[in-house]
Amino acid sequence: MIDAALYLAIIMLISLNIYALLGGADYGGGVWDLFAVGKRAKEQRELIAGAIGPIWEANHVWLILVVVILFSAFPAAFSLLSISLHVPLTLLLLGIIARGTAFTFRKYDSHKDHVQRRWGRIFAMASLITPVLLGIVVGAISQGKVSADIAGKTFSQVYIDPWCTPFCFAVGGFALVLFSFLAAVYSTVYAPTEELKTDFQRRALGAQVACAILALLVFILAEHSAPGLKDSLAHSSWSLLLQGATAACAISSSIALFKRKFHAARFFAAGQVTLILWGWGLAQYPYMIRPDMTINNAQGAASTQTLLLAAIASGALLLFPSFYFLLKVFKHKIDQPINK
Amino acid sequence: MSDLIFARAQMGFSLAFHIIFAVAGIALPLMMVIAEALWLKTGDEIYKTITKRWARGTAVLFAVGAVSGTVLSFELGLLWPEFMKWAGSIIGLPFALEGYAFFTEAIFLGIYLYGWDKVSKPMHLLSGCIVALSGALSAVFVVIANAWMNAPVGFKLVGNLPTEIDPLKAMTSPAAFPQVLHMLIAAYAAIGLLAAGVHAFMLLRDRQNVFHRRALGICLALGCTMALAEPLSGDILAQMVAHTQPIKLAALEGQFDTMRGAPLRIGGLPNVETKQTPYSIEIPKMLSMLAFHDLDAEVKGLNDFPRDVWPPVLLVHLNFQIMVACGVIMGVVSLWAAALYAKTKRLPDSTAFLKAVICISPLGLIAIESGWMVTELGRQPWVVHGVLRTSHAVTPMPGLWLPFTTFLFVYMALAVIVVALLIREFSRSKDVVAGVQHTSPASKLQSAETRPESDHD
Ligand code: HDD
Ligand code: HEM
Ligand code: HEM
């Protein structure tokens, strides 16, 4: 029997997954805005802005959904997280503010070059930093130093040590390159010209190499920093299967990129990120926050969980058609943006 | 200052900042779909231009609303982890429902802003209506959560912890309906009259400007109706406060002694040392009348409650006075508008009236800010009225002055930028409209399609 708490945890992971695929790519887009170079730099930037424009706020709500489910269904976990990870979460918020507003201001402010560049730079820097912080938070809840027992401990033991480790930073870097990879792959599909497609093809392949390196680094550092996570990653049969599938996806997306089969590359890239996330989720199970807080002991009132499930289910009935409609309306626009 | 003070102040200014964008997100979409419906009905291109202007405003404000709202959902935990641990299960449901309202709002705003030439006209209008509706629904749900903090129901207290939690019941707090009603009307009144002020200002410089005349008409129709309804809903709200939070009512009114036939005080400075409210004009028995609809009803005074549960009386009282004063002035000007319209059957546009509209245009937002100060300061020292103290809810994290200062600085910068961008929009509207007026009908139509803001950027 699966109980309500587990369903809700799964829904949170699904939301996080969608956030990574959609919102993550928006961050990645910002990264490529920063690294837009060469004579097509301007086209590259416009491509990114056109793809992010209509939907970043909608993509962003997936993160809010995760937070809301967390505090409604697992209030103890939300509370613990907010205390021990106060510092990275606050920085994450600052990043979210800077990114969202700079992107919008850029669009509605004067279209003079220096004004555009100023907003563009803030947008891009924030896009670079925010995913790292997101990764740090994910790293911190996996590595097992977040403790509710704060009596008699120093400031740094309670508020810094749980996240300020090489492992967490490696996870942060991993999140950043994954998001950049996604954005580059998506852009190969959206790019209106062959030259632009090639620009992003190169970027995607570069990012894929970086993903492999950082994945390895995370894995190595986990040995020492997050032994619990590492053990369940390395010693369970499902995990080997999942890792195999992830590797297959990664190889397929790379090959598809090489062969300029961009739609296929997008499919496999999304699959790759999804499998990584679910691999992490399964390895983390049954913990929400290692080492003490499990799905079971973090949960709040059962009545709330049931109602939440009902609300989410009926909300989904409303939401998915709307999302589908949004994507359908803008498919044309996204596939060939910018006809200014 | 202690960390608690910094946490309270940070929560306060974060919300005070967010509410401005939230009310814009509630009211502007409604105004824009009204303008669009008029365009579809009359075929008058000027209504389309108005729609697009307001839609651009909505887009800028929505982005800031979205990020400041995200900040709030994290801040609930970052600043008040013990409160969220305690109450997360109880008020999580309205927040989750609010999440859906955000989704639909963001999705259909995307379609609305970027889909002018991608969906049919009725579909476009419908998207706008969904944006307006979900904006209002976000407010409904989040204010329901707040109402529960003021008049908590739907759980049983065992020791210091809530059990037998019933989240649906929690959503039916007696404060919910009056607060939601008052809040929604406030949003329409405030933004309607604020926008009216802007268009009145433009009209004073260029009396024949059709764009601003039509826009002003929509703003006044919405703003004045709502401004007249607001004191009525305020009365319903005040009765609820009288019944569920007598100490808050006492603070609102600067009422120290319990008495029958209590007077309504206009102005005055409550002094908690002398336990008196000097310098006020007292209208005998009116408070009893307004709060309980009975001239001789007993109104509890602050002295009946232990000192350590008094809210900051002076601040609560002053903020209440400010809100009511704003409400009265807005109501009077609205009546004036109604009278002018009844007499002439056309847009009220005498210079005196336009000037008055300009003067009162910020009052709605001021009333909203001070009204929330009444609610939130008036609830102190409790986060959840009567059961959980703010001081027990705060994070153990030290050094809260740092996030406080940082966010304050960031928000001030954002405020300056948003204002600058909006001013830029207004000054652009001058040129655009000049273009519309001084051309022939045929080229007018055409220029409406080719004007810079008419493309789907
Ligand atoms: C346009 C804005 C506006 C105007 C003109 C008024 N109000 Fe108001 N008022 C609000 C905007 C507002 C608000 C910001 O929306 C509040 C804060 C919390 C809430 O639900 O509504 C509020 C709160 C609030 C409260 C406190 C409720 C509580 O603590 O739970 C009372 C008693 C009133 N109002 C009563 C009035 C009266 C009698 C008015 C007569 C003129 C009035 N308001 C005008
Ligand atoms: C947007 C309008 C609002 C404004 C301007 C506002 C303002 C404030 C202010 C000034 C405080 C600090 C009070 C003090 O400690 O002295 C505060 C506290 C708080 N508010 Fe609000 N508030 C608003 C709406 C809400 C809503 C809708 C909720 C929740 C659903 C909420 C939740 C809280 C919480 C949890 C605190 C901290 C605990 C406390 O001080 O009581 N507020 N708010
Ligand atoms: C504790 C209090 C609050 C929290 C946690 C909160 C949270 C949020 C969040 C996360 C968003 C962003 C949604 C998006 O990405 O599209 C948002 C936007 C919004 N909020 Fe709040 N909010 C609070 C208070 C309020 C209040 C008091 C109101 C109105 C009375 C309100 C009305 C809105 C509206 C209408 C929007 C849509 C955005 C816009 O149009 O600007 N919120 N809020």
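The structure under discussion appears in the preceding block.
Summarised in this report is the structure supplied together with it. Values in this document were obtained by computation on a predicted structure and should not be read as measured data. (Residues numbered from 1 in each chain as written. Chains lettered and ligands numbered in written order. Predicted model: local features only at pLDDT ≥ 70, side-chain atom pairs only at ≥ 80, totals over all residues. Heavy atoms only, no water.)

### Examining the environment of Ile52(A)
Residue and element names in this part refer to chain A. Here is the rule: In DSSP terms, a helix is any run of H or I states spanning at least four residues, a strand is any run of E spanning at least two, and both are numbered starting from the N terminus. In this scheme, a residue with accessible area under 20% of its type's maximum is buried, one over 50% is exposed, and one in between is partly exposed, where area comes from a 1.4 Å probe on protein chains only. Should any heavy atoms of two residues lie within 4.5 Å, those residues are counted as being in contact.
Mapped onto the fold, isoleucine 52 is located in helix α2 (residues 41–52). Relative accessible area serves as the criterion here: at 3%, isoleucine 52 is assigned to the buried category. C-alpha separation for the pair isoleucine 52 and glycine 23, spaced 29 residues apart in sequence, amounts to 9.1 Å. Isoleucine 52 has contacts with Asp26, Phe103 and Phe123, leaving out every residue within four places of it along the chain.

### A short note on the site of ligand 1
Residue and element names in this part refer to chain B. We count it as follows: Nearness of a residue to a molecule or strand requires only that one of the residue's heavy atoms be within 4 Å of it. Nitrogen and oxygen atoms within 3.5 Å of one another constitute a polar contact, given that in protein one can donate a hydrogen and the other can accept it, and given that sequence-neighbouring residues count only through two side-chain atoms.
If you check the shell around ligand 1, you find 22 residues, and the closest are His182, Lys248, Met323, Ile368 and Thr375. Between glutamate 230 and ligand 1, the recorded distance is 3.4 Å, taken from a side-chain N or O atom to a nitrogen atom. Within the side chain of lysine 248, one N or O atom sits 2.8 Å away from an oxygen atom of ligand 1. For the shell around ligand 1, the elements supplying multiple residues, two or more each, are α6 (176–205), α7 (210–244), α10 (313–344) and α12 (363–379).

### Focus on the nonpolar core
Basically, it comes down to this: Nonpolar cores are built from buried Ala, Val, Leu, Ile, Met, Phe, Trp, Tyr and Cys residues. Side-chain atoms within 4.5 Å join them into one set.
Core analysis: the largest hydrophobic core is formed by 257 residues, its most contacted members being Phe74(A), Met288(A), Ile289(A), Trp54(B), Phe83(B), Trp148(B) and Leu220(B). Non-local contacts of Trp148(B), meaning those with residues more than four positions away in its chain, are made with Phe83(B), Trp86(B), Ala87(B), Ile90(B), Ile91(B), Val153(B), Phe155(B), Ala170(B), Ser173(B) and Val384(B). Membership of the second largest hydrophobic core comes to 9 residues, among which are Ile247(B), Ala250(B), Trp310(B) and Val313(B).

### Let's talk about the coordination of the iron atom of ligand 1
Residue and element names in this part refer to chain B. Applicable threshold: Water is not among the atoms examined, so metal sites may look incomplete; donors are the N, O and S atoms within 2.8 Å of the metal, or within 3.2 Å for Na, K and Ca. Any site counts as irregular unless it has four donors with all angles between 85 and 135 degrees, making it tetrahedral, or four or six donors with opposite ones more than 155 degrees apart and the rest between 65 and 115, making it square planar or octahedral.
The iron atom of ligand 1 binds to the protein through His182 (NE2) and Met323 (SD); the donor distances cover 2.0 to 2.4 Å. If you look at the iron atom of ligand 1, its 6 donor atoms make angles of 80 to 180° with each other, and the shape they trace is octahedral. With a gap of 141 residues between them, histidine 182 in helix α6 and methionine 323 in helix α10 connect regions that are remote in the sequence. In this structure histidine 182 comes out as buried when scored by relative accessible area, which is 14%.

### Comments concerning the packing of aromatic side chains
Our working rule: In summary, the pairing rule links any two rings of Phe, Tyr or Trp, Trp by its six-membered ring, whose centres are within 6.5 Å, and it sorts them by plane angle into stacked for under 30 degrees, edge-to-face for over 60 and tilted for everything else. Distance and angle both matter: a charge sits over a ring if NZ of Lys or CZ of Arg is within 6 Å of the ring centre and within 35 degrees of the ring normal.
Counted by the stated rule, this structure contains 25 aromatic pairs over all chains. Taking 5.9 Å as the distance between ring centres and 80° as the angle between the ring planes, the aromatic pair formed by Phe13(B) and Tyr411(B) counts as edge-to-face. One end of the pair, Phe13(B), is in helix α1 (residues 3–42); the other, Tyr411(B), is in helix α14 (residues 401–437), with 398 residues separating them in the sequence. Taken as a pair, Phe13(B) and Tyr411(B) share a single burial class, namely buried. Its end group placed over the ring of Tyr27(A), Arg99(A) keeps NZ or CZ at 4.4 Å from the ring centre. Arg118(A) extends its terminal NZ or CZ atom over the ring of Trp119(A), reaching a point 5.1 Å from the ring centre.

### Comments concerning the site of ligand 3
To be explicit about the condition: Following the grouping adopted for this structure description, the nonpolar residues are Ala, Val, Leu, Ile, Met, Phe, Trp, Tyr, Cys and Pro, the charged ones are Asp, Glu, Lys and Arg, and the polar ones are all others, Gly among them.
The full set close to ligand 3 counts 27 residues, and His18(B), Phe21(B), Gly25(B), Gly69(B) and Phe102(B) are the nearest of them. Residues close to ligand 3 are split across chains A and B. Taking His18(B), its side chain carries an N or O atom lying 2.9 Å from a nitrogen atom of ligand 3. The element that contributes the greatest number of residues to the shell around ligand 3 is helix α2 (residues 45–79) of chain B, accounting for 8 residues. Tallied by class, the residues present in the shell around ligand 3 amount to 17 nonpolar, 8 polar and 2 charged.

### Quick notes on the coordination of the iron atom of ligand 3
From the protein, the iron atom of ligand 3 takes a single donor atom, His18(B) (NE2), 2.1 Å away. Within the secondary structure, His18(B) is located in helix α1.

### What about unusual backbone geometry?
Arg290(A) connects to Pro291(A) through a cis peptide bond whose omega is 10°. Pro381(B) follows Gln380(B) through a cis peptide bond whose omega is 5°. Along the chain, Pro381(B) falls in the loop between α12 and β7 (382–384). A positive phi is found at Lys285(B), a non-glycine position, where the angle reads about 65°. Of note, Lys285(B) is situated in the loop between β5 (280–283) and α9 (286–292).

### Some remarks on the interface of chain B and chain A
Quick note on the threshold: As a working definition, buried area equals the accessible area (1.4 Å probe) given up by two parts on being put together, with both sides summed. Whenever Lys or Arg places a side-chain nitrogen within 4 Å of a carboxyl oxygen from Asp or Glu, that contact is recorded as a salt bridge.
Between chain B and chain A, the residue contacts involve 62 residues of the former and 63 residues of the latter. Taken together, both faces of the contact between chain B and chain A bury some 5,600 Å²; the carbon and sulfur share is 81%. At the junction of chain B with chain A, the criterion picks out 0 salt bridges. For the pair chain B and chain A, the interface holds 11 residue pairs in polar contact (both at pLDDT 80 or more). Of the residues assigned to the side of chain B that touches chain A, the class counts are 42 nonpolar, 13 polar and 7 charged.

### Some thoughts on the pattern of salt bridges
Residues and elements named next belong to chain A. Here the structure, examined in full by the defined rule, presents 16 salt bridges over all chains. The partner of aspartate 199 in a salt bridge is arginine 40, with the nearest N and O atoms 2.8 Å apart. Here aspartate 199 is found in helix α9 (residues 194–225), whereas its partner arginine 40 is found in the loop between α1 (4–34) and α2, with 159 residues between them in sequence. Across the pair lysine 230 and glutamate 223 runs a salt bridge, and its minimum N-O distance is 2.7 Å. Because the salt bridges share partners, they merge into one network encompassing Asp33, Arg45 and Arg106.

### Digging into the side chain of Ser254(A)
Looking at the secondary structure, you find Ser254(A) in helix α11 (residues 237–258). What Ser254(A) contacts, discounting residues up to four positions off in sequence, is Leu205(A) and Gln208(A).

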